[in-house]
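Inside the fold
Read off the chains here:
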Amino acid sequence: MTDQVVVKNPQAQRRKKNLILGFNIFLFLLPALFLFISILIAPIVVSVYRSFQDWNGMSAGKWCEPNIFQNYIDMFTNSVTMNFVVALKNSLILAFFSVFVQLPLSLGLALVLGRKPKGERFFLTVFFMPVLISTVVIGQLWLKIYNPDYGLLNSFLKLINLDTWTHIWVSDPKTALGSIIVPTIWQYVGYHMLLMYAGVKGVSPDLREAAMLDGATPGQVDRYVVIPIIKPIIRVSVIFAVTGSLKAYDLVFILTGGGPQKLTEVPSTLLQQQLFLANKYGMGSAISVMLIILCFAFALLITAVFREKDN
Amino acid sequence: MKKRLVSVLVAAVMALSLAACGAEGGAATPAGGGDAAGGSGDAPAATADAGSGEAITLNMWCIATESDSNRHSYEAAIADMAKNHPEITLNWEAIENQAYKTKIKAAVAADEMPDIFFTWSCAFLGDFVKANKVYCLDDAYKAYASELPEVMMGNSTYDGKHYGVPLTMNIVGLFANMDLLKQVGYDEIPGSYDEFIKCCDALKAANIIPFGCAGKETWCVTEYLESVIEKSVGADALNDIFLGRATWNNPDVGAAVDEFQKLVNNGYFDPSGAGLTNDEVKANFMAGKYAFYMNGTWNCADFAADEAFYQKVKVSEFPVINADKAKLGQLIGGPSDTLAVAASSPNAARAADYTFELGKLICHYGYLDGCGLPAWTPYGDTSGINGLTQAVSEICAKADSYVLFGDTAMSAEDATTYLSYVDQVYGCQVNGTQFIEGLAKDIR
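About the thresholds
- Residues numbered from 1 in each chain as written.
- Chains lettered and ligands numbered in written order.
- Predicted model: local features only at pLDDT ≥ 70, side-chain atom pairs only at ≥ 80, totals over all residues.
- Heavy atoms only, no water.
- Helix = DSSP H or I, 4+ residues; strand = E, 2+ residues; numbered from the N terminus.
- Rg over C-alpha atoms; globule rule 2.2 N^0.38 Å.
- Buried < 20%, exposed > 50% of the residue type's maximum accessible area, 1.4 Å probe, protein only.
- Contact = heavy atoms within 4.5 Å.
- Areas by Shrake-Rupley, 256 points an atom, 1.4 Å probe, with all protein chains shown as cover.
- Pairing = 2+ DSSP bridges.
- Domains from an automatic or database assignment.
- Buried area = accessible area lost by both parts, 1.4 Å probe.
- Salt bridge = Lys/Arg side-chain N within 4 Å of Asp/Glu carboxyl O.
- Polar contact = N/O pair within 3.5 Å; in protein donor to acceptor, adjacent residues only side chain to side chain.
- Nonpolar A, V, L, I, M, F, W, Y, C, P; charged D, E, K, R; others polar.

**Brief notes about the overall build of chain A**
- When helices and strands are tallied, chain A shows 13 helices and two strands.
- Computed over C-alpha atoms, the radius of gyration of chain A comes to 26 Å, more than 25% over the 19 Å expected from 2.2 N^0.38 for 311 residues, which places it beyond the range of a compact globule.
- If you line up chain A on its principal axes, its C-alpha atoms span 105 × 70 × 35 Å.
- Residues classed as buried in chain A amount to 43% of the 311 residues present.
- Considering only contacts in chain A between residues 6 or more positions apart, those separated by 24 or more positions represent 67%.
- Accessible surface computed for chain A: about 17500 Å², of which carbon and sulfur atoms make up 70%.

**Concerning the environment of Leu331(B)**
Residues and elements named next belong to chain B.
- The residue Leu-331 is located in strand β11 (residues 330-335) in this model.
- As a C-alpha pair, Leu-331 and Cys-199 span 132 residues in sequence and 22 Å in three-dimensional space.
- Once residues lying within four places of it in the same chain are set aside, the contact partners of Leu-331 are Ile-171, Glu-230, Glu-317, Ile-395, Cys-396, Ala-399, Ser-401, Tyr-402 and Val-403.

**Some words on the pairing of strand β12 (residues 337-341) of chain B**
Residue and element names in this part refer to chain B.
- Here β12 lies mainly inside the structure; five of its five residues are buried.
- By the alternation rule, side chains of β12 split into Asp-337, Leu-339 and Val-341 and Thr-338 and Ala-340, which are all buried.
- Bridge count for strand β3 (residues 116-120) against β12 is five bridges, and the pairing is antiparallel. Paired with Phe-118 across the two strands is Leu-339, which belongs to β12.
- As paired strands, strand β6 (residues 165-166) and β12 are joined by two bridges and run antiparallel to one another. Bridging across to β12, Val-165 finds its partner in Leu-339.

**Quick notes on unusual backbone geometry**
Residue and element names in this part refer to chain A.
- Geometrically, the link from Glu-65 to Pro-66 is a cis peptide bond, its omega value of -5° lying close to zero.
- Mapped onto the elements, Pro-66 comes out in the loop between β2 (62-63) and α2 (70-77).
- Residue Gly-259 is joined to Pro-260 through a cis peptide bond whose omega torsion reads -5°.
- Topologically, Pro-260 is positioned in the loop between α11 (250-255) and α12 (267-277).

**Regarding the domain arrangement of chain B**
Residue and element names in this part refer to chain B.
- For chain B, the domain assignment lists domain 1 (52-169 + 335-387) and domain 2 (170-333 + 398-442).
- Between domain 1 and domain 2, the residue contacts involve 21 residues of the former and 20 residues of the latter.
- Between domain 1 and domain 2, the buried area comes to about 1500 Å², and carbon and sulfur atoms account for 50% of it.
- Between the two partners, domain 1 and domain 2, sit zero salt bridges.
- Linking domain 1 with domain 2 are seven residue pairs in polar contact (both at pLDDT 80 or more).
- For the side of domain 1 that touches domain 2, the elements supplying multiple residues, two or more each, are α3 (97-109), α4 (123-130) and β7 (168-177).
- Split by residue class, the side of domain 1 that touches domain 2 holds seven nonpolar, 11 polar and three charged.

As structure tokens, then:
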């Protein structure tokens, strides 16, 4: 009898200890969990719920008619007031340029700076500076550059006798989107460069030296040693660039406001317009849900593509 | 052991902070929660007596930013109110026009409105009234009825109840830089449409841009388009369409839109204006870049304040295009700028009285400054009012009828649709027929 008690007690004590440990872990996680649910999960759930409603944000909402998915249907079919397809296309164009122009530029700069050139710190600061400047300031700065009357760009073109190339950059349907893409790329080159530069600096000098001893040129070292090692960072940069393009808002709003004729709208400017100008909170919620889905989908897709390449 | 103690302390602090947050949220609910029933007119009496001298603080949002023509009238009126009512502290914030529309709607949706807020009458305020977010001003109005004619309250009256204090009334004016017109042989603004077009052609031939219009702010395009439509189809027809009593599918409106596009395609508008804001276009007009500028008569104050420019500028109404249906005196505009009181205000009754007094003073100073015509009966010496405002006053004295600005007359959803079409008309992406058919289909 006494022996049995002795045998049982350690198990019970261990269970009790585990229980206390589990409770402690739960207790410590509770504040973070609470914040995570209240700040992230709850708003998403509410947005999904509201996206099926015809709601003006003030009165009580009612379910969409005749179809509960009416907001989602309108999103893809209403081409005059709410051209989501054009907005999405613009975001994808922005994402394309971010991935295939901005990131190679950032990678190039990171690799060059990673070779410890003279003035490395200075150039690092200069390239990173646009990231530190407020987007509103950058928007205003580029508006001045694009100004058709006194702007730097048109003045420069006139100076080199290219008068025919001058444009009303932000309001010409042919150049408006390009006018947004250029400053967006310029602003975030430094950001991605810094991420990649940290990765490049993390590459062991032994590996570089070994490759050099084998006769590799600096370019070959970068291509066959450094880039494969920093691939996880490049993947993160691609995810940031694509999701950032899908969520783009501030520069678009300042430079073109979605115009001319809504040709430079992006999902976020549409979202703002539907929520606060048209009082269509149901539709705004549907757009935000669609944005969340797209961001997750692209993040998963990019991860899968990189995994496939690794395999 | 030390680590454990620190961990327990950190956990305790976090738990306490969360508990504190919860308690604060709960306590704040009654104050901000002004429930819908509170403001719908049959609201229970506000907590504070309107006539009591108890010290209170009121918050106000408006659009009288530093660059706004009305800024001085707000500052002067608020200074007077501070003298007359030392027991009331007013915290006021001015937000840029376009951003304000977003901000006030977000505040209404979140039930976080200031006690007093600027609004546009008709549908803009109507949406808030429908949602029971606005305090009914019927009781407070009784004391001011002799100074504020009932007719001026019309645009902010819903189901027979008053919800807004009108400030000034404005119309769309055709401002002209007479120095530029003189260069092409015109001493006066042309009175007939044919003559007006000839004048535009002459200006163009002399390398002077006839019109400046801010394409970045679609409401500026409506100032031109609505004038062209009104002077083609008549005020009654346009009013019926704006108020939903008639369909948009009116061929005369389509023809008027085509006429407007002719002005665009003839190169009368500054092409770079499409990428500019109204402030930039206005500055260009004052700098002599354009001959004409169609915009609200609230601009008279700024034009009069610039002595050199004041000598050059004249104002008129847009000429009649189709004399069979329209006539001079049919104007776009009316009392739209309004102050309202939030139903959720804990001092709504006193805020209502305060708003009437403040509105009267803003109207008074605004009229003296030339920011518009008074919605209230004018008082004091008004002989110093600038010539432009006096000219507007003369135009209004001969007015036959007013059609309120389209985006103010329509609900937010319809106005957004309407402005999208106007944007496309200005960009010549749709023609008159597509405009009327599209709006007839999309505005339900």
